[in-house]
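Inside the fold
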Amino acid sequence: ERLYLSPMIAGAPFWFRLLQCARRYVDTKDRKHLLNLGKYAASLAVVVVTACCNSTTLIVAVSAFATVYAAAWDVFVDWGMS
C-alpha cells in the first residue's frame, strides 16, 4: 500500500498539469499545448518507471529524456530564446 502512495503523491502535480494542457488543447486546438503535455507526460513517466522498474538503465534513459525535453521547452518556449 505504501509503495503506491509516494509515487501517487510525487506524480500528482505532473498529472494535473498534463490534464490542464489537454484541456487547453481541446479549447484552442493549438498544438503547442500538446507539446507542453508531452513535457508533463515525460516527467510523469519518470515517476512511474522509478516506482515500477528495477532497471537502472531504463530509469536513467527516461530521466534523461524528460530532463532534455523540459530544458529544451524552457529555453525555446518559456524563455523565447529560439
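See the structure shown above.
First, a word on what this report is: a plain description of the structure on this page. What you see is a predicted model; the values in this text were computed from it and never measured.

**Here's the deal with the layout of surface pockets**
In this structure, the largest pocket spans a volume of roughly 240 Å³. In terms of lining residues, the largest pocket is bounded by Leu3, Tyr4, Pro7, Met8, Gly11, Ala12, Trp15, Leu44, Val47, Val48, Ala51 and Cys52. For the lining of the largest pocket, the secondary structure elements donating two or more residues are helix 1 (2–28) and helix 2 (31–52). Here the element with the most residues in the lining of the largest pocket is helix 1; it accounts for seven residues. For the lining of the largest pocket, the per-class residue count stands at eleven nonpolar, one polar and no charged.

**Points about the side chain of Asn36**
Summarising the element assignment, Asn36 is placed in helix 2. Take Asn36: its relative accessible area is 9%, and that puts it in the buried class. With residues up to four places along the chain from it excluded, the contact list for Asn36 reads Arg17, Cys21 and Trp73.

Each value, and the rule that gives it
- Once a new chain begins, its residue numbering starts again from 1 and follows that chain's sequence as written.
- Restriction of local features to residues with pLDDT of at least 70 applies here, the model being predicted, together with a cutoff of 80 or more for giving and counting side-chain atom pairs; totals for whole chains, interfaces and linings are based on all residues.
- Side-chain descriptors were evaluated using all non-hydrogen atoms of the structure, hydrogens and water having been removed beforehand.
- A 1.4 Å probe that fits into a set of points on a 1 Å grid over the protein atoms alone but cannot get out defines a cavity; an open set with protein on both sides within 12 Å along at least five of seven lines defines a pocket, and lining residues are those with an atom within 4 Å of a point.
- Grid points are joined across faces, edges and corners, and a volume is the space filled by probe spheres set on the points.
- Elements are defined by DSSP. Helices are runs of H or I of four residues or more, strands are runs of E of two residues or more, and each kind is numbered from the N terminus.
- Polar here means any residue other than Ala, Val, Leu, Ile, Met, Phe, Trp, Tyr, Cys and Pro, which are nonpolar, and Asp, Glu, Lys and Arg, which are charged; Gly is therefore polar.
- Burial classes: relative accessible area under 20% of the type maximum marks a residue as buried, over 50% as exposed, and values in between as partly exposed (1.4 Å probe, protein chains only).
- A contact between two residues is defined here by any heavy atoms of the two lying within 4.5 Å.

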